[in-house]
Amino acid sequence: MKSAVIVFPGSNCDRDAYVAIRDVLGSEPEMAWHGDSSLEKKDLIIVPGGFSYGDYLRCGSMAANSPLMKEVIKQANEGTKIIGICNGFQILTETGLLPGTLMRNKGLKFICRQIHMRVENNTTSFTRKYADKQVIQVPVAHNEGNYVVEDDVLKSLQDNDQVAFRYCDESGTVNDDTNPNGATDNIAGVLNKNKNILALMPHPERALSKLFGSDDGRGVFESLMG
Amino acid sequence: MTEVTRENAKEHGLTDEEFDLMCQLVGRVPNLTELGIFSAMWNEHCSYKSSKRWLKTLPTTAPWVICGPGENAGVIDIEDGDAAIFKIESHNHPSYIEPYQGAATGVGGILRDVFTMGARPVALMNALRFGAPEHPKTRHFVNGVVSGIGGYGNCMGIPTVGGETEFHEAYNGNILVNAMCVGTAKTDKIFYATASGIGNPVVYVGAKTGRDGIHGSTMASAEFTEDAESKRPTVQVGDPFTEKLVMEACLELMKTDSVIGIQDMGAAGLTCSSMEMASKGQVGVELHLENLPTREPNMTPYEIMLSESQERMLMVLKPGREEEAHQIFKKWGLDFAVIGHLTDTGRLVVKMDGEIYADLKVQDIVDNSPEYDRPWKESPKKTEITPDTLKNTQDPIQSLKLMLDTANLSSRRWIWEQYDHMVMGDTIQYPGGDAGVVRVHDTKKALAITTDCSPRYCLSDPFEGGKQVVAEAWRNLVAVGAKPLAITNNLNFGNPEREEIMGQFVGCIKGITEACKTLDFPVISGNVSLYNETEGKAIMPTPVIGGVGLMRDSSKMMTMGFKDKNEFIYLVGGSEKDVPWLGSSLYLKDIEGIEDGAPPPVDLSLERKTGEFILSLNEKSLLSACHDVSAGGILIAIAEMAIKSKIGAQLYNLDVIPAWWFGENQARYIITTNDCASFEKLATSNNITTLKLGETCGQKIQIGDNLSVTLDEVDQIHGKWFDRYMSQAA
Amino acid sequence: MKARVYVQLKPGVLDPEASVVSKTLGTMGFDTLSKLDMGKFFDIELDVDSTEKAEATLKEMCEKLLSNTVIENYKIEIQS
């Protein structure tokens, strides 16, 4: 599988993404610098987490305008699989590849903790290794993870099975108490209409081994192997 | 250039004697820029003039120490050609003035100290002291400091894997913010702050220079008066984004062989960094300030030399390598300028637009920096507090509930959830355990890191307290299964010009020294913060210890949570007959309402023997959980183990008084095992005292048949104190 | 009474955010940009009858909460 991890100034989960691809998919990704203007055609591109451009102005806003993102958008539209994690999710909404935006957590604080989320659509290339409604444990680490969309967009997300993951508790219950950041409809991860783009606030790349607290994140990468 | 006056010198914090010495060394009366340079080099913060005499007595060597104190950070060998590089530093005064920025730039500074040495930072820790919870400003400080630390570390992408936080009224007017950073590098790729090669270019990289924090380091050594709040000097604003870029660019450049020496610009910025590099390399430096990137127009040489703008570095490159280096910094969007060169004159010459603003002999300033042997008075010994003086007789479960519901024993989750403690993907033990543990990337090895201090002990008996802080750090590393290797220390004290404060300092140093020697646990870096006083009221003596240990096989890491039901709980290093040590204990404070008494004595040989026993049991995989017994004593330790795992404990009915459960006797651990026979046999053959305390089971902490509390209840008390406290309006 | 309160970093205090925004606009091709500063404003309505009272109250708000006077300046504009 030909893959790339995009590196922006301020990315800091780029190495984590690299390790996930190397260790789970068994091939080394290209670490692509945001300032480059061309990128060889890939099967998978990860827009990693971090604080691109220091999270200044709006998270992801400046990274979305960097030269290489034009190429990422082009490949996304041609069917390349894209995963945006955390800040990567914020960047992808700023580019318009995904609807909605990420606002400040309802508690107004950065939160870093293990959370649970429920697999809402296990028919995609990113989730097919999971069972339907499977509850998985992965960490979050963000200040702006409160996913906000207009009502009609939310409805179309629901109608098109574009909600990939919802925040829940250990037993799979989805409600306000199990929502760490106030995200609309407890949405933790969304897909585009074509289901070749997945963006999520939790970090599956930090949940690859029980040594680190959980190995439930492997499924996202294993699903990509077909 | 205009000559300065004695008055000017005083404003810069120099005494009459220091002024005279300065004039004598220069051979004339210096100008303002020169005075600024002298005052920056000779103030307490840079010169350690009050503490130097005593710092020299600390043990700093061991076969695994590659570089001890004196560089940006200390370096130890962690085998296989890998090195761990670490240091702790304070940012107390800036954090009191502006908690968010003060704490943030404190983290920024310590990160620079570590990556300057060629290391990639892999973990951050901190040690915080706030005033009494009921003090009206405490919440404001907690909020600002915690978000400042998180704001900087999270953005840099370095996990904050642990720390410690304590509240006490002694810190009402003088909070403490100490930040520690650990990095890793290859032993043959370590960079030092030494300039060499006459004619070689001196290069400035990073952010632009503004008028930030001029006299910041002078401020850091000035005692607070109430009106310091209204004076409010310009504080430095941290920019973690720029620092992240500076770090990546420096590490990229260091992969080439073009860097000769490198130093970060911290306190007193360009002055200290250029002086230190020149002095270490026995060379001179000529600077041309017109080439230096400035953020504001019309900055004077005085301002440029003393600016404390953050995120800047000074380097000496090999000749002809400027362009290669420039390209790297350009790629990262950072300023890069050749601002001078090395000379054979041994002088620091500062020029701007052709005019000379300072011309000083480097070695004169560095070698002759004042060193005081300040008079000191031994702290009076406190009496022992014996159990027969106790008034309260309530049962231990009641006391447990009361003590867990306090500022100092409640869970710190509220704090550490605001720190990204998992970024970089190597954190294998989160905050809340005995030590934070990070794997050495792409290896089986791991580093365990802890910060510790017991100011109550140090106040009551600086010498025993000094021993104890080192022993506790050592014990915390042992408790996660790491071999303790070395420490960094941050000595926070009051005004050293007062004999009793200097006595506390000397006592703690002597105690630390003795513990380091017995435990083979040398000091490889550190920082001193004096004058922590407001209105003549000093903080408690707070010598914070940051300890680092190595685990060869991270799969053998221990954690404190119980692992399963029906395992046996033991006290290691103690017995039913032990008299509970109550002096300066939390039990005495929280239950009896008394803060007094001699602190627990530390038998360092026993400490070492017991710790080595724990490590040998772990090697044999005989332990399922392990936790050291520290503040609050045995029952607090057991409660923490139960809360963490959501597995209860049935403890036996022992022939002890209620206070036995809360004594703070040293060199003790609580462990669980399911192989009592092997465990007890090894304890006997190693001559270690142990006591079987009970079994893991159910959802309660229960003593005997009648005394119990549910895990839900203790979890609510312990887990929610901080949330409740912080959500109340100030 | 309606007022607008502007809060901005003091001149000389580093504003990393403004400098990054400015640089990014530059790389996006806005080459006529020569300077960019940022700040925030608050629209505030007060139940008071005199401009003096409003100003005093707003000033207190700024000193105590709206601005961090260590690093920020504020400006009060009474609008009606």
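Note that the structure is a prediction, hence the values are computed from the model and not measured. (Residues numbered from 1 in each chain as written. Chains lettered and ligands numbered in written order. Predicted model: local features only at pLDDT ≥ 70, side-chain atom pairs only at ≥ 80, totals over all residues. Heavy atoms only, no water.)

1. Comments concerning the overall build of chain C
Test applied: Only DSSP runs of H or I reaching four residues or more are called helices, and only runs of E reaching two or more are called strands; each is numbered from the N terminus. Note on method: radius of gyration uses C-alpha positions; expected globular size equals 2.2 Å times residues raised to 0.38. Residue contacts follow a heavy-atom distance rule, with two residues in contact if any of their heavy atoms lie within 4.5 Å. Each accessible area is a Shrake-Rupley result for a 1.4 Å probe, and residues are judged covered by the shown protein chains and nothing else. This count recognises Lys and Arg as positive and Asp and Glu as negative, with His and chain-terminal groups excluded. Every charge is mapped onto a representative atom, which is NZ of Lys, CZ of Arg, CG of Asp or CD of Glu.
Helix and strand counts for chain C come out as two helices and three strands. Secondary structure of chain C in N-to-C order comes out as β-α-β-α-β. Here the C-alpha atoms of chain C give a radius of gyration of 16 Å, more than 25% beyond the 12 Å that 2.2 N^0.38 yields for 80 residues. Principal-axis analysis of the C-alpha atoms gives chain C an extent of 50 × 25 × 15 Å. Taking as baseline every contact in chain C between residues at least 6 positions apart, the subset at least 24 positions apart corresponds to 69%. When the accessible surface of chain C is summed, it comes to about 5,200 Å², and 52% of that surface belongs to carbon and sulfur atoms. The average position of the 10 basic charges and that of the 14 acidic charges among the side chains of chain C differ by 3 Å.

2. Re the interface of chain C and chain B
Note: interface size is frequently given as the accessible area lost on complex formation between the parts. Stated formally: In short, buried area is how much 1.4 Å probe accessible area vanishes from two parts on joining, totalled over both. Salt bridges are identified by distance alone: a Lys or Arg side-chain nitrogen within 4 Å of an Asp or Glu carboxyl oxygen. Whenever two N or O atoms come within 3.5 Å, that pair is a polar contact, provided that in protein one can donate a hydrogen and the other can accept it, and provided that, for residues adjacent in sequence, both atoms are side-chain atoms.
Opposite the 10 residues of chain C that make contact, chain B presents 13 residues. Both sides together, the interface formed by chain C and chain B hides about 1,000 Å², and carbon and sulfur atoms give 64% of it. The largest share of the area that chain C buries against chain B comes from Gly12, Leu14 and Val70 of chain C, three residues that together contribute 52% of it. Linking chain C with chain B are zero salt bridges. Here chain C is connected to chain B by two residue pairs in polar contact (both at pLDDT 80 or more).

3. What to know about the nonpolar core
In plain terms, the rule: As used in this record, nonpolar core signifies buried Ala, Val, Leu, Ile, Met, Phe, Trp, Tyr and Cys residues forming a set joined through side-chain atoms within 4.5 Å. The buried label applies to any residue whose accessible area, calculated with a 1.4 Å probe on protein chains only, is under 20% of its type's maximum; exposed applies above 50%, and partly exposed to all values in between.
Counting residues in each nonpolar core, the largest one holds 221 residues, and the members touching the most others are Phe165 of chain A together with Ile76 and Val470 of chain B. Residue contributions to this core peak at 10 residues, all from helix α20 (residues 499–519) of chain B. Ranked by size, the runner-up nonpolar core spans 47 residues in total, among them Cys23, Met265, Ala337 and Met352 of chain B.

4. Brief notes about the interface of chain B and chain A
On the chain A side, the residues contacting the 31 residues of chain B number 26 residues. When the area that chain B buries against chain A is broken down by residue, the three leading residues are Phe241, Glu417 and Met422 of chain B, summing to 24%. For the interface between chain B and chain A, the tally reads four salt bridges. In this structure, Asp426 of chain B engages Arg15 of chain A in a salt bridge whose closest nitrogen and oxygen atoms are separated by 3.1 Å. At the junction of chain B and chain A, the tally comes to 15 residue pairs in polar contact (both at pLDDT 80 or more). Of all the elements in the fold, those that place two or more residues in the side of chain B that touches chain A are α8 (138–156), α11 (240–254) and β14 (427–429) of chain B.

5. Here we look at the pattern of salt bridges
Across all of its chains, the model carries 67 salt bridges over all chains by this definition. In this structure, the salt-bridge partner of Arg295 of chain B is Asp212 of chain B, at a minimum N-O distance of 2.9 Å. With Arg295 of chain B in the loop between β9 (284–288) and α13 (301–306) and Asp212 of chain B in the loop between β7 (201–206) and α9 (216–219), the pair connects residues that are 83 residues apart, well separated along the chain. For Arg295 of chain B, a relative accessible area of 25% translates into the label partly exposed. Classification of Asp212 of chain B by relative accessible area gives buried; the value is 2%. Between Asp43 of chain C and Arg4 of chain C there is a salt bridge, with its nearest N and O atoms 2.6 Å apart. Taken as a pair, Asp43 of chain C in strand β2 (residues 39–45) and Arg4 of chain C in strand β1 (residues 2–9) lie far apart in primary sequence, 39 residues in all. Bridged by salt links that share partners, the residues Arg118, Glu120, Lys133, Arg166 and Asp185 of chain A form one connected network.

6. Here we look at a nonpolar patch on the surface
Defined as follows: Residues form patches when they are more than 30% accessible in relative terms and have no salt bridge. Like charges link within 9 Å. Nonpolar side chains (Val, Leu, Ile, Met, Phe, Trp, Tyr) link within 5 Å.
Together, Met28, Phe30 and Leu33 of chain C give the surface a local cluster of nonpolar side chains, amounting to about 270 Å² of exposed area. Within the secondary structure, Phe30 of chain C sits in the loop between α1 (16–27) and β2.

None of the figures reported here should be taken as evidence of function without further support.
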